[in-house]
Amino acid sequence: MEPIFTPEQLAEIQAYHLPLYIKSAVSPLVYLGVLALILGVLVRPFYRWSESCADGLSQRLAFLRTAPVSRVLIQSLDRLWGEPGWGAAILFALLVELFIELIYVPATIYFGYVLEHRHGMSAYTPLRFLLDELKGIALEGFAVSALALGLYGLARRMNRWWLVLGLPTALLMLGASALDPYRSQVFFEQAPLEQGPLRERITALMARAEVPFQDVRVEKTSVASKRLQAYFAGQGPTRTIVLNDVILQELEPDEVLAAVAHEAGHVHEPKWPGRIAASLALVALLFVIDRLLRLSATRGWFGTTRFADIRTFPLLWLLSFFVFFLSAPISSAFSREREREADRYALQLTQDPAAFRRMLVKAARVNKMDPDPPRWVVLKGHSHPPIGERLAAVPPAPEKRAPAEGLPVLTEPSH
Ligand SMILES: [Zn+2]
């Protein structure tokens, strides 16, 4: 069996990953620096600008207060906020988001476009890249405004706001995955996989796995990326098997089936412990935010004059950074274990280790995966075990011929 990569390919893969590893090491410090700059210096000028800008807008757009549809919207925002000032609050939250995005523009262009193109991983045109970035920023801007309005609006009006907000949000989170099939369509076109042998084999495989699904769809991600991708979106009746167009070009039907079988393995994993833990963590996080907001108000941090003052908003970014930074090693360790389990499940389901192995090797080649990444990178937050480790776990196919030379890259222990 041939090794996954030639020495030249391996050198190329290492050249591609080195900047990513440096980024992984440096980016937490950079992000903390940016937040320190905002919290230490920029909160006051940002807030002054938001207030005067909101004043100017409310004078110029005063007619919206009487126009038929906008009147209702504005009245309900007044009622939610309990006093004037929600306009300044939204502008402030957006300004913080936009400032962070702006600081990251060079890194976004380098890692999202330049590096990917240099190593042949991206099919983005500059225009399409720009449009997708702007779409992402707009979606985040919408989420940030909704969060600022909802969280601060509710906190001003209710003592136990963290419970009032936390419980329904936790419930929403449990149901939100049913909407997954629609989310990715914001970025890529999708069409049903055409009728034919592949579709029939996928349907038969899912019947054996006892996984009901709504449709098999092909996502045209090749306009942006040259990577292979397959995933299941949605739950139960909305479950959709999504294959990208690259996977259909690069893989043989047996190998596509191996990838689908792996995804089916994820359907069978117990979801409730993770969901319940996430819901509890969310309510706990909101409680911590409540304490932080009260502390800021009594100490007058960042010029705050009252409880749930929007000037504490960047503090929430800091808090969520710590939550994600500290929890990523734990949640990614669970994720890697689930991936190993899904691999075992797929092998059991298809009984075709040779196709599974070929699927992993092709995925590694096309996606330029590092077969043996530094251990700290994996532990810090890799959702999947290194491809070398996954290949080593595939049992050898029952072959009549004696296997040729082994996989020197893979048989070495990875740490
Ligand atoms: Zn998986």
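- Under an unreviewed UniProt entry, the name given to the protein chain is M48 family metalloprotease, and the organism recorded is Archangium lansingense.

Remarks on the overall build of the protein chain
So, step 1. Scanning the protein chain for helices and strands turns up 16 helices and 4 strands.
So, step 2. In terms of principal-axis extent, the alpha carbons of the protein chain reach across some 80 × 45 × 40 Å.
So, step 3. Sequence-distant contacts, at least 24 apart, represent 77% of the contacts inside the protein chain between residues at least 6 apart.
So, step 4. Counting every atom, the protein chain has about 22,300 Å² of accessible surface; 66% of that belongs to carbon and sulfur.
So, step 5. Put simply, the protein chain has 43 plus and 40 minus side-chain charges, and the middle of one group is 8 Å from the middle of the other.

Quick notes on the coordination of the zinc ion
So, step 1. The coordination sphere of the zinc ion, as far as protein atoms go, consists of His-262 (NE2), His-266 (NE2) and Glu-339 (OE), spread over 2.0 to 2.1 Å.
So, step 2. In primary-sequence terms, the residues that donate to the zinc ion follow H-x3-H-x72-E. Placement of the pair is His-262 in helix 10 (residues 253–267) and Glu-339 in helix 12 (residues 313–350), with a sequence separation of 77 residues.

Description of unusual backbone geometry
So, step 1. Despite not being glycine, Phe-302 shows a phi value in the positive range, around 55°.
So, step 2. Mapped onto the elements of the fold, Phe-302 is located in the loop between helix 11 (272–299) and helix 12.
So, step 3. Notably, Gln-351 is not glycine yet its phi reads approximately 55°, a positive angle.
So, step 4. Tracing the chain through its elements places Gln-351 in the loop between helix 12 and helix 13 (353–366).
So, step 5. Judged by its relative accessible area of 57%, Gln-351 is exposed.

Side note on the UniProt feature "transmembrane region" (unreviewed entry) in the protein chain
So, step 1. As annotated in UniProt, the feature "transmembrane region" (unreviewed entry) corresponds to residues 29–47, 86–115, 136–155, 161–179, 276–293 and 313–334 in the numbering used here.
So, step 2. Taken end to end, residues 29–47 has its terminal C-alpha atoms 25 Å apart, with 100% of it in helix and 0% in strand.

Here we look at the pairing of strand 3 (residues 230–233)
So, step 1. When strand 3 meets strand 4 (residues 240–244), the two strands line up antiparallel, connected through 4 bridges. In the strand pairing of strand 4, Ala-233 is matched with Thr-240.
So, step 2. Count of turn residues in the strand 3/strand 4 antiparallel hairpin: 6 residues, of which Gly-234 carries a positive phi of about 80°.

So, how was this worked out
- Residues numbered from 1 in each chain as written.
- Predicted model: local features only at pLDDT ≥ 70, side-chain atom pairs only at ≥ 80, totals over all residues.
- Heavy atoms only, no water.
- Helix = DSSP H or I, 4+ residues; strand = E, 2+ residues; numbered from the N terminus.
- Contact = heavy atoms within 4.5 Å.
- Areas by Shrake-Rupley, 256 points an atom, 1.4 Å probe, with all protein chains shown as cover.
- Lys, Arg positive; Asp, Glu negative; His and termini not counted.
- Charge placed at Lys NZ, Arg CZ, Asp CG, Glu CD.
- Donors = N, O, S within 2.8 Å, 3.2 Å for Na, K, Ca; no water.
- Buried < 20%, exposed > 50% of the residue type's maximum accessible area, 1.4 Å probe, protein only.
- UniProt positions renumbered as here; feature names shortened; annotations may be inferred.
- Pairing = 2+ DSSP bridges.

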